[in-house]
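# Results of the structural survey
Chain residues, written in single-letter form:
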Amino acid sequence: MEVVVEERIVKDIKANLNIAGEVKRSRRILITLEKEDLLKVSEWIKGRGFEHLSAISVVDWLEAGIYEITYHVWSQEDKILITLKTSINRQKAVIDSVISVWDRSAGIHERELHELFGVNFEGNPDLVPLFLEDWEGPPPFRKDFNWREYTGEKYYDQENEREHVYYE
Amino acid sequence: MKTLVVFKLLKNMVSKPMTVKFPSESIPIPEKYRGEQVWDSAKCTSCGLCSKICPNRAIEMVEAPPEYKENYAKRYPMIDLGKCCFCGLCQDICPTGSLTMSKNFFLSTFDPSTTINIPFPKRVELKAE
Amino acid sequence: MTRKMRGNMFTTSESIEPAIDTNYDLYFGPAHPGSGNFGVKLKVDGEVITSARADPGYLHRGFEKLMEYRIPLQNAVLSDRLCVLEPLNWNLVHAEAVDELMGVEPPERAKYIRVIMAELSRIQSHMIWYGVFCIGTGFESGFKIAFGYRDYILDIFELITGGRVYPAGYICPGGVRRDLPEGAEERILETLKKAEEMIRFEEMENPTLLSRSKGVGVLKSEDAIRLGATGPVIRASGIAMDVRRDDPYEVYDKLDFEVPVRTEGDAYARYLIGIEEMKQSVKIVRQAIDKLPAGEVIVPELRKPKLNTKIPEGEVYVRNEIARGEAAIHMVSNGSKYPYRVKVRGPDFLHMIPLLEHLLEGAQIADVPAIYWSLNICPADMDR
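Residues numbered from 1 in each chain as written. Chains lettered and ligands numbered in written order. Predicted model: local features only at pLDDT ≥ 70, side-chain atom pairs only at ≥ 80, totals over all residues.

### Things to note about the overall build of chain A
How we decide: In this text, helices come from DSSP runs of H or I with a minimum length of four residues, and strands from runs of E with a minimum of two, each type numbered from the N-terminal end. Here the C-beta atoms are placed from the backbone, and a residue counts as buried if at least 20 other C-beta atoms lie within 10 Å of its own, exposed if 12 or fewer do, and partly exposed otherwise. A pair of residues counts as a contact when their C-beta atoms, built from backbone coordinates, are within 7 Å of each other.
Of regular secondary structure, chain A possesses 4 helices and 7 strands. Scanning chain A from its N terminus toward the C terminus, one meets helices and strands in the order α-β-β-α-β-β-β-β-α-β-α. Considering only C-alpha atoms, chain A reaches an extent of 60 × 40 × 30 Å along its principal axes. Residue burial in chain A is summarised as follows: out of 168 residues, 38% are buried. Sequence separation of 24 or more characterises 50% of the internal contacts of chain A that already satisfy a separation of 6 or more.

This is the structure we're talking about:
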C-alpha cells in the first residue's frame, strides 16, 4: 500500500519537533512521546490539519505502574489518523490538558477519563463527575479496583441466590 | 405536491394495514429464529461447553437428584431463561447438537421461579451447589 | 425558589410588573417522554435558555469494563447492546477490531454480507431518527409510519440473524455467524422497495416539520469541528466527513456512493441529510447484493466457537461510520484470551454533551425537542 503522505508527515515531525514517528500501515501513524512534549506536538499537528480529535484513551498497566494515554487525531485533509502515545506514573497521575488545542471535544473525553481512571488533566476547568452517582470507591476502571467486593458491599443488602459464581 | 398527499391519503384508506390480527394470524417465524432452548437428553455428553460460553452465565451444569440418578448419571445443563439473552452461542458450540433453539418466544411469566428450565423429567427442588 | 410571584400574571395588563424574576431552572428529562434516558438541566430566562448542562449516566453500564472479562465472541454478543437502534453497526466495529488484532482477513462473501447488514441497519436507524424527530416536533403520524416501515427491515434481520432487534453478535470476529438463508437476497430487494416508499413519504412537503425545524439549532462548521461532531451532524454543517469514504473498511472502496453535504447546519438540514443517506444506503445494498460472491462466510479456524482463543498482543484503533457518526473501538491486548482494555468511542458522547449544550444555549424552550432529536441521539451509546 501507498504510504507516501504518511512518511512525509513523519519526516516533517522529525524535522520540526525532533520526535520520531512510525508508520503502522496506510493512514495510521503512531508517535510515542514524553508527556512534557504533549502540548507542543499537539499544537503542531493541529496546525498541520489534524483538527478532529477522535478519542482519548487510558490503559492501566498495573505491573509496569503506568497509565498509557493515547490521543487519536484525524486529519480530514490528509485522511490520516495519528495516535499520540504517552505514559504517566500511576502514583502521580497528572498530565497537561489538551483542551487549549482541541477545545471541548477534548475536554469531555478528559472529564470521562478523570472520573473512570482518576487521571488528573491539568488545565481542564471542568472535571466534575460525569456518569457515576454517589460514588465513593476508587475510580472504577482501574485494574486494581475490586468491583465484586465493592458492589457486594454497597448495593446488595441480601444474598441473591441466583447470583453466585460457579466457575472461573 | 399537495395532490400527491391527497392521492396517498386515498390510497391508504383502501390498502392493507401494516399490522396483522395477532391471535388469528401472525407473521411467519423464520427457520433459524432464536427462541427457547430445546435440550435432547439422549445426545448430551455433559461436556459443559454451553455453560462456559454463555455470556450471561445462564446455564449451569447440575447433578440429578437421587431418584433420577439411574437415568441421569452425569451433570446436565439447567437454563435460567431469566438470565438468557438468546444469543445462540450454546447452540453453536454444542458438539453433538443436543442443545438447539426453537421458535418458541411465548415466554413471559408472572412467576420468576418458573423461568428455570430443569433438565429432569419432573420439577424437583434443586439446590445449586 | 428563584421565582418570585408578585401579582397575578393572568390578570389585566396593569398588574404585570417587570419585577417578576423570570430566571428559573428547567429539567428536560430523564423522565420526559421525549428525551430518552438522559436529562438536560436548563437555566431559563423567560422563554430563552441561557445555559444548558447535560446530565448523563442513567444508562451507564460500564461496557468497557465488562468487555475485559469476556472472550471476543461473548463481547460480540455484548456489543449489540451498545446501541439499541443499530446493534449490527456496533457488531461490525467490534468484529473489525478483533480481526485486526488477530490478523484475520474475513472471506470476501462475509465482507459483502457485513456491508449489506450494516447498511440495512443504517436505514432502519434513520427511520427511527425520522420517527422520533417527528414526534419531537409534534407530527405523530410520521412517527407511526416510520416505525411501521422499520418493521419490514426487522423482518429481514429476523430471517438472517434470528432476532428482530438484537442480532446477538451476527457479525462476529472472522466473518458472520451464518450464511444468508435461501431466498434472502430477494427478500432484501423487496424490502428495499418498502424503504424507498418510506423515503418518498419523508420527501413529501411537510409544513409541521418545516416550520418547527427551519433555522433552528444552527451549527456552524467551525463549531462542528471544535465540538467533535461527526456523521450526519457535521455533514449538515458543510464538512464532508464520512469514514466509509475517507478511511474505507470492508468493501466500501469497491462500492459507488456519494456523501451528501448541506451547508445550512440547522435541524432541517440534518433531517434532509438523513433522507439523502437513506437513499445512498439503498444504493449500496443494491450494489452489494449485485456483487455478492459465493464462498465461505467465516474463516475456517473460527467457524466453531472456541473458548481459549488467545488474542495476540497489540493495540488497534478501528473507526467505522455508523448511522449517528463516527464509532471507534480502541482495543489493547496483552496476549490473554480476554482483551486487556477496550475503549468505546460513541458518536453521541460528543453530540449529546458538548454539542447539545452549545446548541441549546440561546434557543427557545419550544425548540428543545427539535434540536435534541435532530442530532440523531441515542443515550445508550453515550453512556455505554
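### Quick look at the domain arrangement of chain C
All names here are of chain C. Rules: Residue ranges labeled as domains rest on an automatic or database domain assignment.
Taken domain by domain, chain C holds domain 1 (1-44) and domain 2 (63-383). Distance between the C-alpha centres of domain 1 and domain 2: 38 Å. Counting residues at the interface gives 10 residues for domain 1 and 11 residues for domain 2. Mapped by element, the contributors of at least two residues to the side of domain 1 that touches domain 2 are strand 1 (23-28) and strand 2 (39-45).

### A closer look at the sheet that holds strand 1 of chain C
Residue and element names in this part refer to chain C. The test is simple: DSSP calls a pair of strands paired once it identifies at least 2 bridges connecting them. For every element, the axis is a line fit to its C-alpha atoms; helices are fit only across the contacting stretch, and the angle between N-to-C directions ranges from 0 to 180 degrees.
Spatially, the 3 strands line up as an open sheet ordered 1-2-3, and their pairing is antiparallel. Here the strands that pair on one side only, and so sit at the sheet edges, are strand 1 and strand 3 (48-55). Strand-to-strand twist of the sheet, defined as the mean angle between neighbouring strand axes without regard to direction, takes the value 20°. Sheet topology places strand 2 next to strand 3; 7 bridges connect them, and they run antiparallel. Bridge pairing links Lys43 to Ser51 in strand 3. Against the sheet, helix 12 (residues 347-360) touches strand 2 and strand 3, its axis set at about 170° to strand 3.

### Some words on the interface of chain A and chain C
How big an interface is tends to be reported as the loss of accessible area on association of its parts. Facing the 24 residues of chain A at the interface are 27 residues of chain C. Broken down by secondary-structure element, the contributors of at least two residues to the side of chain A that touches chain C are strand 3 (52-61), strand 4 (66-75), strand 5 (80-89) and helix 3 (99-117) of chain A. No other element matches strand 3 of chain A, which puts 6 residues into the side of chain A that touches chain C.

### A few points about helix 2 (residues 72-79) of chain C
Counting along an α-helix, one turn takes 3.6 residues, and residues three or four places apart therefore face a common direction. The buried count for helix 2 of chain C comes to 8 of 8 residues, which makes it a mostly enclosed element. Along helix 2 of chain C, the residues classified as buried are Pro72(C), Leu73(C), Gln74(C), Asn75(C), Ala76(C), Val77(C), Leu78(C) and Ser79(C). Residues of helix 2 of chain C that are buried in the fold lie against helix 3 (89-93) of chain B together with helix 1 (63-66), helix 3 (87-102) and strand 4 (171-172) of chain C.

### Overview of the interface of chain C and chain B
Each partner contributes to the interface: chain C provides 20 residues, whereas chain B provides 20 residues. The element best represented in the side of chain C that touches chain B is helix 5 (residues 140-161) of chain C, accounting for 5 residues.

### Quick look at the sheet that holds strand 1 (residues 21-25) of chain A
Residues and elements named next belong to chain A. Pairing is mixed across the open sheet formed by 5 strands, whose spatial order is 1-2-5-4-3. Here the strands that pair on one side only, and so sit at the sheet edges, are strand 1 and strand 3. Averaged over all adjacent pairs, the angle separating strand axes in this sheet is 25°, with direction ignored. Both strand 1 and strand 2 (residues 28-32) contribute to a ladder of 4 bridges, which runs antiparallel. Bridge assignment links Arg25 to a residue of strand 2, and that residue is Arg28. Packed onto the sheet, helix 1 (residues 4-17) meets strand 1, strand 2 and strand 5 and runs at close to 165° relative to strand 1. Against the sheet, helix 3 engages strand 3 and strand 4, with an angle of about 20° to strand 3.

### Some words on the packing of helix 4 (residues 108-136) of chain C against helix 11 (residues 267-291) of chain C
The description of two packed helices rests on the angle between their axes and on the distance between the axes. All names here are of chain C. Rules: An angle counts as roughly parallel when it lies under 35 degrees, as roughly antiparallel when it exceeds 145, as roughly perpendicular when it falls between 65 and 115, and as oblique in every other case. Left-handed describes a crossing in which the near helix is turned anticlockwise from the far one by less than a right angle; the clockwise case is right-handed. Residue classes follow a fixed rule: Ala, Val, Leu, Ile, Met, Phe, Trp, Tyr, Cys and Pro count as nonpolar, while Asp, Glu, Lys and Arg count as charged, and any other residue, Gly among them, counts as polar.
Their axes nearest at 9 Å, the elements helix 4 and helix 11 cross at an angle of 155°. In terms of orientation, helix 4 and helix 11 fall into the roughly antiparallel class. As for how helix 4 packs across helix 11, the hand of that crossing is left-handed. Of the residues in helix 11, those touching helix 4 at Tyr112, Val115, Ile116, Glu119, Leu120, Arg122, Ile123, His126, Trp129, Tyr130 and Phe133 are Tyr271, Gly274, Glu277, Met278, Ser281, Val282, Ile284, Val285, Ala288, Ile289 and Lys291. Residue classes in the contact of helix 4 with helix 11 are distributed as 15 nonpolar, 3 polar and 4 charged.

### Overview of helix 4 of chain C
All names here are of chain C. Under the convention used in this document: In a helix, the anticipated span is given by 1.5 Å times the number of residues less one.
A rise of 1.5 Å per residue sets the reference length of helix 4, with its 29 residues, at 42 Å; its end C-alpha atoms lie 42 Å apart and thus fit the reference within 8%. Within helix 4, 26 of the 29 residues are buried, which leaves it mostly tucked inside the rest of the structure. Two residues or fewer after helix 4 comes Gly138, characterised by a positive phi angle close to 85°.

### What to know about the pairing of strand 4 of chain A
All names here are of chain A. The element strand 4 is largely enclosed, with a buried count of 8 among its 10 residues. Bridge count for strand 3 against strand 4 is 9 bridges, and the pairing is antiparallel. By the bridge assignment for strand 4, His52 is matched with Trp74. From the end of strand 3 to the start of strand 4, which pair antiparallel, there are 4 residues, and Gly65 there has a positive phi angle of about 70°. Two elements, strand 4 and strand 5, share 10 bridges in a ladder whose sense is antiparallel. Note that in strand 5 the partner of Trp74 across the bridge is Leu81. Where strand 4 folds back onto strand 5 in an antiparallel hairpin, the turn is made up of 4 residues, including Lys79, whose phi is positive at roughly 60°.

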